[in-house]
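Residue-level structure breakdown
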Amino acid sequence: MLKRVVVAVSAVVAVTLAGHQLVPALGGFTPVMESVLPWIGWLVPMLLVAAVVARSKGATAAALVPGVVWAAMFGSALVRSAPGGPSDLAVATVNVGVRNSASGEAVRVIADNLDLLAAQELTPGGPAAKELNKMFKYHYQVSTVGLWSRYPISQTKPLDVGLGWPRALRAVVSTPKGKVTVYVMHLASARPGMTASRDASLAHARRLVDADASTRILLLGDLNTATTDRGMQGLTPPLTDAQTEAGDGFGFTWPSGFPITRPDHILFKGMTATRAGVAPATGSDHRAAVASLRL
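The shown structure was predicted, so the numbers you read here are calculated from the model rather than taken from an experiment.

**Observations concerning the nonpolar core**
A general feature of soluble globular proteins is that nonpolar side chains tend to end up buried together. In this structure, Val91, Leu147, Val182 and Leu218 are the most contacted members of the largest nonpolar core, which totals 28 residues. In this structure, Leu114, Leu117, Ala129 and Trp148 belong to the second largest nonpolar core, which totals 20 residues.

**Details of a nonpolar patch on the surface**
On the surface, Met1, Leu2, Val5, Val9, Val49 and Val53 cluster together to form a nonpolar patch covering roughly 550 Å² of accessible area. For the nonpolar patch, the secondary structure elements donating two or more residues are α1 (2-19) and α3 (43-54). Looking at the nonpolar patch element by element, the count peaks at 3 residues for α1. By the element assignment, Val49 lies in helix α3.

**A look at the pattern of salt bridges**
Applying the stated rule across the entire model yields 7 salt bridges. In this structure, Glu131 engages Arg108 in a salt bridge whose closest nitrogen and oxygen atoms are separated by 3.5 Å. With Glu131 in helix α6 (residues 127-135) and Arg108 in helix α5 (residues 103-111), this pair connects stretches of sequence that are 23 residues apart. The buried category is assigned to Glu131, whose relative accessible area is 14%. Classification of Arg108 by relative accessible area gives partly exposed; the value is 39%. A salt bridge links Arg198 to Asp229; the shortest N-O distance between them is 3.0 Å. Remark: Asp229 occurs in the loop between β8 (217-222) and β9 (240-241) and Arg198 occurs in helix α7 (residues 196-210); sequence separation between them is 31 residues. Note on accessibility: Arg198 and Asp229 belong to one class, buried. A cluster of three or more residues bridged by salt bridges with shared partners is formed by Arg198, Asp199 and Asp229.

**So, the packing of aromatic side chains**
Using the criterion set out here, one finds 6 aromatic pairs in the structure. Residues Trp39 and Phe252 carry aromatic rings whose centres are separated by 5.8 Å and whose planes lie at 25° to one another, so their mutual orientation is stacked. Note that Trp39 is positioned in the loop between α2 (29-35) and α3 and Phe252 in the loop between α8 (242-246) and β10 (264-269), a separation of 213 residues in sequence. Members of the aromatic cluster, connected to one another through ring pairs, are Trp39, Trp70, Phe74, Phe250, Phe252 and Phe258.

Calculation criteria
- Residues numbered from 1 in each chain as written.
- Predicted model: local features only at pLDDT ≥ 70, side-chain atom pairs only at ≥ 80, totals over all residues.
- Heavy atoms only, no water.
- Core = buried A, V, L, I, M, F, W, Y, C linked by side-chain atoms within 4.5 Å.
- Buried < 20%, exposed > 50% of the residue type's maximum accessible area, 1.4 Å probe, protein only.
- Patch = residues over 30% accessible without salt bridge, like charges linked within 9 Å, V, L, I, M, F, W, Y side chains within 5 Å.
- Areas by Shrake-Rupley, 256 points an atom, 1.4 Å probe, with all protein chains shown as cover.
- Salt bridge = Lys/Arg side-chain N within 4 Å of Asp/Glu carboxyl O.
- Helix = DSSP H or I, 4+ residues; strand = E, 2+ residues; numbered from the N terminus.
- Phe/Tyr/Trp six-rings, centres within 6.5 Å; stacked < 30°, edge-to-face > 60°.

Here's what the structure looks like:
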């Protein structure tokens, strides 16, 4: 009986990993499952232990199949090294947490040596904005999202990504190496069985990117969409994920205490990512996504 269970579960795990995008959305449950897809790999050692207990070579072989599938899908993230080399722009995005009284301290630590920082869940006149205003010469804030820059900001515009109120912005940053069009977004939340609003805001974000003729585009923010969520296919391509391109590991950012997924992203085109990673954000339930880019 144990042998049959191991074989059956191994087959289900392998098919779920390899064919998750073929599974219907089921009202939004499947995309949420995809958000923690890499963690399904923990079932493999459990299956191997069960196969050993069953003293079955067939069950052991079956248990190795999802392991091979997982390695093919995610193994590169564990062995990937940053391209390195010179960079022109150090950037980060962080959801500071609307109830985070220590957000000023959090952004002060993150913003050190950055050229651009995008923040979400800002409160009007809150500690995060006040601290960033001291650290950066230029800034532009719209409602609960904002952009701070060491370089001049122009052509600013508030954006509604389908939420009925502005929770995103567009700005052009003039760096020493040329102009970069920057979007800062905080898309709608996604919960089991409730991804319709998130999906609509993702589609809105894609339309904004497609309509933008800028040579260099940088999208920073809490997209409420994991790297492994099928929804990310709406943005990557045409944009490239800095963590996938130059990060070490999965770069999980949420929840901050023990991150299991990555809703916070640095996406770009017309540039090259040289480094990417994650930084702690005191008091927030998110960690910050950071990256260095070469123009």
